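# Per-entry structural report
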Amino acid sequence: MFQFIVRRLLQLIPVLLGVTILVFSLMHLSPGNPAHIIAGESAPKDTVEQIEERLGLNDPILVQYGNFLKDVVTLDFGNSWRTSLPVSEELWPKFWVTFELSVYSTIFSIFLGLIAGIISAVRQYSVADVSIMLVALFGLSMPNFWLGLMLMQWFSINLGWLPATGWGSAEQIVLPVITLGTMGAAVIARMTRSSMLDVVTQDYIRTARAKGLSERLVIYKHALKNALIPVVTVVGLQFGSLLAGAVLTESVFAINGMGKLIVDRILARDFPTVQAAVLVIAVIFVLVNLLVDISYKFLNKRIDLD
Amino acid sequence: MAQKELLKVNHLKQYFPIKGGFFGRTVNHVKAVDDVSFEIYEGETLSVVGESGCGKSTTGRAILRLDDPTEGTIEFDGEDLLSLSKREMRNRRKDIQVIFQDPYASLNPRQTVAKILTEAMEIQNVVPKNKRRERAIELLETVGLNAEQIDRYPHEFSGGQRQRVGIARALAVEPKLIVCDEAVSALDVSVQAQVLNLLKKLQREFNLTFLFIAHDLGVVRHISDRVAVMYLGKVVEIADKKSLFENPQHPYTKALLSAIPTPDPENKKERIVLKGDVPSPIDPPTGCRFHTRCPFATDLCKQDIPELRNLDHMEEGHRAACHHIEKIVSGDMKPNY
Amino acid sequence: MSEEIILDIKDLRTSFFTEDVEVKAVDGVSFKLPKGKTIGIVGESGSGKSITALSILRLLEHPGKIVGGEINFKDKDLTKASDREIRDIRGNEISMIFQEPMTSLNPVYTVGQQIRETLKVHQGLGKEQGTKKGVELLELVGIPSPKKRITQYPHELSGGMRQRVMIAMALACNPELLIADEPTTALDVTIQAQILEIINDLQDRFDMSVIMITHDMGVVAETCDYVAVMYGGKVVEYADVKTIFKEPKHPYTVGLLNSIPRHDVDVDELEPIRGNVPSPNDMPKGCRFAPRCPFATDLCYEELPSLDKVSDDNQVRCWIYSERWDGDPEVKVNGPERTS
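Of chain B, the UniProt comment under Sequence similarities (unreviewed entry) reads exactly: "Belongs to the ABC transporter superfamily."

Looking at an unreviewed UniProt entry, one finds chain A named Peptide/nickel transport system permease protein, with Tenuibacillus multivorans as its source organism. Regarding chain A, the UniProt comment filed under Sequence similarities (unreviewed entry) reads as follows: "Belongs to the binding-protein-dependent transport system permease family." Checking UniProt for chain A, the heading Subcellular location (unreviewed entry) contains the comment "Cell membrane".

This part takes up a nonpolar patch on the surface. Residue and element names in this part refer to chain A. A grouping of Phe138, Phe145, Trp146, Leu149 and Leu248 is seen on the molecular surface, where their side chains present a nonpolar patch of about 480 Å² in accessible area. In terms of residue count, helix α7 (residues 144–158) provides more of the nonpolar patch than any other element does, 3 residues in total. Looking at the element boundaries, leucine 149 is found in helix α7. The exposure class of leucine 149 is partly exposed, given its relative accessible area of 40%.

By size, the foremost hydrophobic cluster in this structure holds 105 residues, and its most contacted members are Leu7 and Ile211 of chain C. Tallying contributions element by element places helix α6 (residues 159–171) of chain C first for this core, with 8 residues. For this core, the domains that each give at least three residues are domain 1 (102–172) and domain 2 (237–321) of chain C. Not counting chain neighbours up to four residues away, the residues in contact with leucine 7 of chain C comprise Phe31, Lys32, Leu33, Ile56, Ile71, Asn72, Phe73, Leu177 and Ile211 of chain C. Among the nonpolar cores identified, the runner-up in size contains 73 residues, and Leu199, Ala255, Ile325 and Ile328 of chain B belong to it.

To describe a pair of aromatic rings, one takes the distance between the centres and the angle between the planes. On inspection of all chains with the given rule, the structure shows 16 aromatic pairs over all chains. Taken together, a centroid distance of 5.5 Å and an interplanar angle of 90 degrees make the contact between tryptophan 96 of chain A and phenylalanine 99 of chain A edge-to-face. Of the two residues, tryptophan 96 of chain A and phenylalanine 99 of chain A both sit in helix α5 (residues 87–122), 3 residues apart, roughly one turn of that helix. With a relative accessible area of 47%, tryptophan 96 of chain A lands in the partly exposed category. When the centroid spacing of 4.5 Å and the interplanar angle of 55 degrees are considered together, the rings of tyrosine 231 of chain B and tyrosine 252 of chain B count as tilted.

Residues and elements named next belong to chain A. The UniProt feature table records "transmembrane region" (unreviewed entry) at residues 12–30, 101–122, 134–155, 167–189, 227–254 and 274–292. In the segment residues 167–189, helix accounts for 87% and strand for 0%; the C-alpha atoms at its two ends are 27 Å apart. Across residues 274–292, helical content stands at 100% and strand content at 0%; the span's end C-alpha atoms are separated by 27 Å.

Opposite the 44 residues of chain C that make contact, chain B presents 43 residues. For the pair chain C and chain B, the two sides together bury roughly 3,800 Å², of which 52% comes from carbon and sulfur. Summed over the three residues of chain C that lose the most area to chain B, namely Thr190, Glu222 and His263 of chain C, the buried surface amounts to 19% of that side. Remark: the boundary between chain C and chain B carries 4 salt bridges. Here arginine 271 of chain B makes a salt bridge to glutamate 222 of chain C, at a shortest N to O gap of 2.4 Å. Summed over the shared surface of chain C and chain B, the result is 18 residue pairs in polar contact (both at pLDDT 80 or more). Put simply, the parts of the chain that give the side of chain C that touches chain B at least two residues each are α7 (189–206), α8 (217–223), α9 (241–246) and α10 (251–259) of chain C. A per-element tally of the side of chain C that touches chain B places α7 of chain C first, with 8 residues. Per-class residue counts for the side of chain C that touches chain B are 19 nonpolar, 12 polar and 13 charged.

Let us look at the pairing of strand β7 (residues 177–181) of chain B. Residues and elements named next belong to chain B. The element β7 is extensively covered by neighbouring structure, given that 5 of its 5 residues are classed as buried. Of the two faces of β7, both are covered, the one formed by Leu177, Val179 and Asp181 as well as the one formed by Ile178 and Cys180. Alignment of strand β6 (residues 96–99) against β7, held across 4 bridges, turns out to be parallel. Residue isoleucine 99 lies in a different strand from β7, and its bridge partner there is cysteine 180. With helix α6 (residues 189–206) bridging β7 and the parallel strand β8 (residues 209–214), this β-α-β connection has right-handed handedness.

Parameters and conventions
Residues numbered from 1 in each chain as written. Chains lettered and ligands numbered in written order. Predicted model: local features only at pLDDT ≥ 70, side-chain atom pairs only at ≥ 80, totals over all residues. Heavy atoms only, no water. UniProt positions renumbered as here; feature names shortened; annotations may be inferred. Patch = residues over 30% accessible without salt bridge, like charges linked within 9 Å, V, L, I, M, F, W, Y side chains within 5 Å. Areas by Shrake-Rupley, 256 points an atom, 1.4 Å probe, with all protein chains shown as cover. Salt bridge = Lys/Arg side-chain N within 4 Å of Asp/Glu carboxyl O. Helix = DSSP H or I, 4+ residues; strand = E, 2+ residues; numbered from the N terminus. Buried < 20%, exposed > 50% of the residue type's maximum accessible area, 1.4 Å probe, protein only. Core = buried A, V, L, I, M, F, W, Y, C linked by side-chain atoms within 4.5 Å. Domains from an automatic or database assignment. Contact = heavy atoms within 4.5 Å. Phe/Tyr/Trp six-rings, centres within 6.5 Å; stacked < 30°, edge-to-face > 60°. Buried area = accessible area lost by both parts, 1.4 Å probe. Polar contact = N/O pair within 3.5 Å; in protein donor to acceptor, adjacent residues only side chain to side chain. Nonpolar A, V, L, I, M, F, W, Y, C, P; charged D, E, K, R; others polar. Pairing = 2+ DSSP bridges. Right-handed = clockwise from strand over helix to strand, strands pointing away.

Here's what the structure looks like:
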């Protein structure tokens, strides 16, 4: 087990290297000179050149990438080109906001998705099943910024129950979490349903019934644990798309998180901040999937991680 | 009758690597077939029997060159199949055909029987194009199906009929040798008997040679001329059918035969019940591979690998790989259950 | 001598309902099982033998349903028992083992967890007592080092070992009836011998009754006292095991026996039954076997014969033995004349 984790952490290195190359080249290929943006539209030519010199934008591209890599390795991402504050100082508070939003939304997705999926599977073709699957299809096909706007319209503006913007208090959390978590809940519900339906036809479920177990034990003890195995994979992948979805959700609810930060700084060509933020997201994504793989081991005893 | 050797397998080994560790290197091997030799004479049926994991199907796959063996030679009509290039082997496939266990899985569900049969002829180019359909109808009738069934799809047939289609496909290219890999195992008894009779009939009519891979010893006794018994990748006994069934020499063969339930309630025989399971072919026992379950095993069996040998009291061609045949026959050694 | 009857099945009918079509998988099966005896239910695929077994414990899966008949187990009709009552019987008074040992145990729980569960549900045993009893049970079915095995997961055991675990689990509450649905079909012959020996041995020890579902006449000959031969959802012949093999009366039974390639006798040519096993949703109208029967007459195609006593030992569902037989009056249904 330990060996497995070490190996997986080592495998992180090439993955992250790839991510740095991708982020770096995307930023540098996109049009617009950062120095121009920093100096302002009407700045004189030498000011722009000075800024370019200071930021190292005149260095050969490989040297620039080398410098960026050095920053990554030393975990010091330098100062923002936009605010001149250290990137880490700017990033962390915003990261925590986004992280909280993602975690709460994931918990919401898992909770709602599992319950809905199980009910659907146990009562296959019943009214409950058909309605749940319809709602899930709806949840899956609805863009989350639109869902966010609709929720805001009903609950904040029409009914006045919940605040429309911000992050922090319990009331503020509800709408963004539903907005961000609905698609995941729909995916998990559908996955749980099909996985459960597959599992309940297995021979060992018949064995469990033949032993005289109650239907409750058969479903929740024998079927569910097996059915969860593919669901866990989906949860891991879902977490990744959640981080991406956070960008839109944060914009809709005016939450000052990492999503908003990234959007703002891309527009400002603030390379150090954007690169650091994307790297952090990549690391989180890979770590979450490592967690998923480890939880496999506990769910499925046949998997030999080493 | 001096017969011509059609196929000769010499010291065949098939090790499958097990990957593992940090860089996916080979950490061990599954010794699926480990130094197996036998020959098949033209027009006869040689059965290879044994329990799961004994290597009988792997041997069949090696002969068909579906896998590339680790070591050894397979001579067909005097030519080593393993030294042939892929292209040369493709031409050779005309002579060696196969019938698989699962008639459901081995026929393309989207092709009609006509297509399945003419395609086989096309690949080997054995029949001129305008005669192929005619020939396909002829083949169907040979295997006991109707000409009207030629434009049907596999799912429209029952299991037994589908296996007949599989046989017709094998016959389409006029092969010399047919490898039957558990060809009747999936069939109901009443239908299995039909297919067995058909195989026998075809063998007589077309002078076919069969390598019959099976686990059911009743079926094997019915179809074979000679029988090879395998255990954990090795042939432990090989003999004429009659000699093997009526005078088995190897303790494993004896146990195997005695383990089969006889459909005769008034003739309940003494049964040798072997202890334990078949060991893993990844790390097989040293010496005689059967020694961990053998009631006669001694220290010698743990150390030395016994050779196949023929002794005076055995019929010609009957060979068994056991250190203690003489002592067991004379009664000097008693089983230790 | 009157024997105590532990199970009395009367006219059991089980159907599967798909898109307005009723497929009669079991169509009027009756038999009695005396205490401590073994009855074999033999047949080929689609004969309804496994569905009969599943019906007894009401383990049928949707869309299967018992549509008629009685299953009397010690004065209680299981077809009318409540869900609660049937759960109390399952794994306790009647146990069942299945064909596929590889997939019949839950892969995510240890052997111990799965055995303890049965003991907890029916006897209220806690973890410690359950483990102790579990080790005893594993020992009983001949599993070496049971203390280690009980902590292992199913994938760590071979097929034969898993089937032993299934048997141990089935025996946990000393059932009076064991239903074994093709218990050795998926196993190698030397392992099959071990498993059959264990079942026979435990049956003697605990005076258990057994229903052995199988397609293998060899297994029947070695384990059963009575035999019901099924074809097309119906019992076509019922007799004690010696009679079935010595004086089979139904042309299907005879055909089945003649089809078996024997490992102990040489036979030049097998005598197979012509045609194919009928599909349950396309059953012939009269005698189910008529299209494959060498003796069939118009009567056989038109009307279904009843299962009647033709001698002290046999009950047969065949027109040949009735007064209405319109075929060759001298017809002789020959059993296999083989000696070993």
